[in-house]
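# Observations on chain architecture
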Amino acid sequence: MSCSEMPRQVAPDFGVEKRQDMNIAKEMQPRVPDVAPKDVRNGGRVKGNDVAAKGLYRPDYRVLTPNMRSPEFVQMSTAAAITLGVAPGKMYRTGCTRCLNLLLTYPEGCRANCAYCGLARHREAERDFADRNFIRVDWPAVPYDDVLDIMAAGGDQGRFHRMCISMITHPNSDADTVTVLRRWNERIKHIPVSILSNPTTMQRQDVQQLHDLGADIFTVAIDAASPTVFERTRGSGVQSPHSWKKYWSILEHAADIFGPEKFGAHLIVGMGETEFDVLTQVQKLRDMGGHSHMFAFFPEKGSLMDHLPPTPRGQWRRVQLARYLIDYRGVKLDRMSFDEAGRVTSFGLPQAELDAIIDAGTAFRTSGCPGKEGEDISACDRPFGDSPPSDIASYPFKLNKKDVAKVRRQLGP
Ligand code: SF4
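Rules and cut-offs
- Residues numbered from 1 in each chain as written.
- Predicted model: local features only at pLDDT ≥ 70, side-chain atom pairs only at ≥ 80, totals over all residues.
- Helix = DSSP H or I, 4+ residues; strand = E, 2+ residues; numbered from the N terminus.
- Rg over C-alpha atoms; globule rule 2.2 N^0.38 Å.
- Contact = placed C-beta atoms within 7 Å.
- Near = placed C-beta within 6 Å.
- Nonpolar A, V, L, I, M, F, W, Y, C, P; charged D, E, K, R; others polar.
- Buried ≥ 20, exposed ≤ 12 C-beta atoms within 10 Å, placed from the backbone.
- Pairing = 2+ DSSP bridges.
- Right-handed = clockwise from strand over helix to strand, strands pointing away.
- Arc of directions from axis to C-beta.
- Axes fitted to C-alpha atoms, helices over the stretch in contact; angles between N-to-C directions.
- Parallel < 35°, antiparallel > 145°, perpendicular 65-115°, else oblique.
- Left-handed = near helix turned anticlockwise from the far one by under 90°.
- Core = buried A, V, L, I, M, F, W, Y, C linked by C-beta atoms within 7 Å.

## A few points about the overall build of the protein chain
A count of helices and strands for the protein chain gives 11 helices and 10 strands. The C-alpha atoms of the protein chain give 20 Å as radius of gyration, which agrees with the globular expectation for 413 residues (22 Å, within 12%). Each principal axis of the C-alpha distribution contributes one length, and for the protein chain these read about 60 × 45 × 45 Å. Sequence-distant contacts in the protein chain: of pairs separated by 6 or more residues, those separated by 24 or more amount to 76%.

What follows is the structure, encoded as structure tokens:
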């Protein structure tokens, strides 16, 4: 199948020569969220218009957004919609994604307000939930029955290696995740399911229930890599309900219930934490038996951090490489060295070994839950979810020699 996704959002031109070597805390400050008028809060516009949903809905803020709700409807990434064949398109250097990323959807949207996220609540004044960009792309909405029918008929031609249910912060999200998972496992037996959870609304028994219903991997989007950055970008700093403590407590339950290699956490690099901060969380996760899934910060259009610079590539490559060594090569954080600003200065391996790992390129691919290619190769490849194709952060495909040469230049001497 031929495809063509041109990401709608062009990378802000901050000027390479003006970029610093790392995004520092005092500059990575979110804007203050606006207060939405009462009549548009909680999906007021969508529920007031009450347009009936008919089949696929492709985000288009020039028309009235239909009234769609999970579990009858789910949203999916543009890459997943192309791979499933429900939307036309092509992607740069890749024909498909290996992960069917599904997002629960409600007119009320996510009730949290995370500063870096395109789905955040503060956007309700200007954009209905199903029309919001998220990790740089649109998320078409599709009846869940249609998704199941296409998958049961082999319509993905074996290209999906994994499905993922992304919860959001909504009162129905826990129950609807159970329904979506149960219905998937009744009909689609050959593709494992990951859960991208919402700890704020969950308790230990919710984690246990998802495990008992056959979820394969449980993940937590911690995102902010230190308590300070967490509070500033996802907590009271932006009138958002999340807490560092609750996120880690659900992760600990997941480690206990799902077991080694079957849980993980998302971390975003470049929101004002140091490289040492983020790698400390990576090591902690590995010590617990899990893996970290990394994202480079990108200023999502419409978010409270859309005026800030993306993660400088030197910072990103160092963290990507160090994370890979900790997660898949058994290198410990305490073998690495850092300067006074928390930058990695030594990776704790002899140069020849390090060179071989860099040349293999796997460390610089998108990280996430594995598919069929190998334990260290993510099915969740999120094409261009954290960068434009012109300046790739996470490679959604195998690197060629030119790519590796570019990564080496970005890593520096
Ligand atoms: S909880 Fe998740 S979806 Fe909701 S605003 Fe925060 S990051 Fe976005």
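From this point, the narrative continues.
## Details of the site of the ligand
Residues in contact with the ligand, as listed here, are Cys110, Ala112, Cys114, Cys117, Leu119, Ala120, Ile168 and Thr169. Taken together, the residues of the shell around the ligand break down into seven nonpolar, one polar and no charged.

## Side note on the pairing of strand 4 (residues 162-166)
Here strand 4 lies mainly inside the structure; five of its five residues are buried. In strand 4, alternate side chains face the same way, and those of Arg162, Cys164 and Ser166 on one face and Met163 and Ile165 on the other are all buried. Relative to strand 4, strand 2 (residues 99-104) is paired through five bridges, and the arrangement is parallel. From the neighbouring strand, Cys99 faces strand 4, where its bridge partner is Arg162. Sheet analysis places strand 4 next to strand 5 (residues 193-197), joined by four bridges and oriented parallel. Bridge pairing in strand 5 places Met163 opposite Val193. Assessed by its sense of winding, the connection that carries the chain from strand 4 through helix 4 (residues 173-187) to strand 5 is right-handed.

## Thoughts on the environment of Asp212
Tracing the sequence through the fold places Asp212 in helix 5 (residues 204-212). Residue class for Asp212 comes out exposed when judged on the 10 C-beta atoms lying within 10 Å of it. Each C-alpha atom of the pair Asp212 and Phe258 lies 9.6 Å from the other, and the pair is 46 residues apart in sequence.

## Considerations on helix 5
An α-helical turn contains 3.6 residues, so any two residues separated by three or four positions project in the same direction. Listed as buried for helix 5 are Asp206, Val207 and Leu210. Considered in projection along helix 5, the buried side chains sweep an arc of 100 degrees and stay on one side of the axis. When the buried face of helix 5 is taken as reference, the exposed residues oriented beyond 90 degrees from it are Gln205 and Asp212. Elements that come into contact with the buried residues of helix 5 comprise helix 4, strand 5, strand 6 (217-223) and helix 7 (244-258).

## Observations concerning the sheet that holds strand 8 (residues 291-296)
In spatial order, the strands read 3-1-2-4-5-6-7-8; together these eight strands make up an open sheet with mixed pairing. Whereas interior strands pair on both sides, the edge strands pair on one side only; in this sheet they are strand 3 (141-143) and strand 8. Geometrically, the sheet is characterised by an average inter-axis angle of 30 degrees between neighbouring strands, direction not taken into account. Where strand 1 (residues 73-76) and strand 2 come together, three bridges link them in antiparallel fashion. Within strand 2, the position partnered with Met76 by the bridge is Leu102. Against the sheet, helix 8 (residues 275-288) makes contact with strand 7 (263-269) and strand 8, and its axis sits at roughly 175 degrees relative to strand 7, the strand it touches most.

## Comments concerning the packing of helix 8 against helix 9 (residues 313-328)
Their axes nearest at 10 Å, the elements helix 8 and helix 9 cross at an angle of 20 degrees. Overall, the two elements helix 8 and helix 9 adopt an arrangement that is roughly parallel. Helix-helix and strand crossings are classified by hand; for helix 8 and helix 9 the assignment is right-handed. Where helix 8 abuts helix 9, its residues Glu275, Val278, Leu279, Val282, Gln283 and Arg286 lie against Gln315, Arg318, Val319, Ala322, Arg323, Ile326 and Asp327.

## Focus on the nonpolar core
Judged by nonpolar contacts, the single largest core of 104 residues is most densely connected at Val74, Met76, Leu102, Ile165, Phe218, Val269 and Ala322. Broken down by element, the residue count for this core peaks at seven residues, all from helix 9. Apart from residues no more than four positions distant in its own chain, Val269 is found in contact with Val278, Met294, Ala296, Phe297, Thr311, Gln315, Trp316 and Val319.

By themselves, these observations are geometric and do not establish any function.
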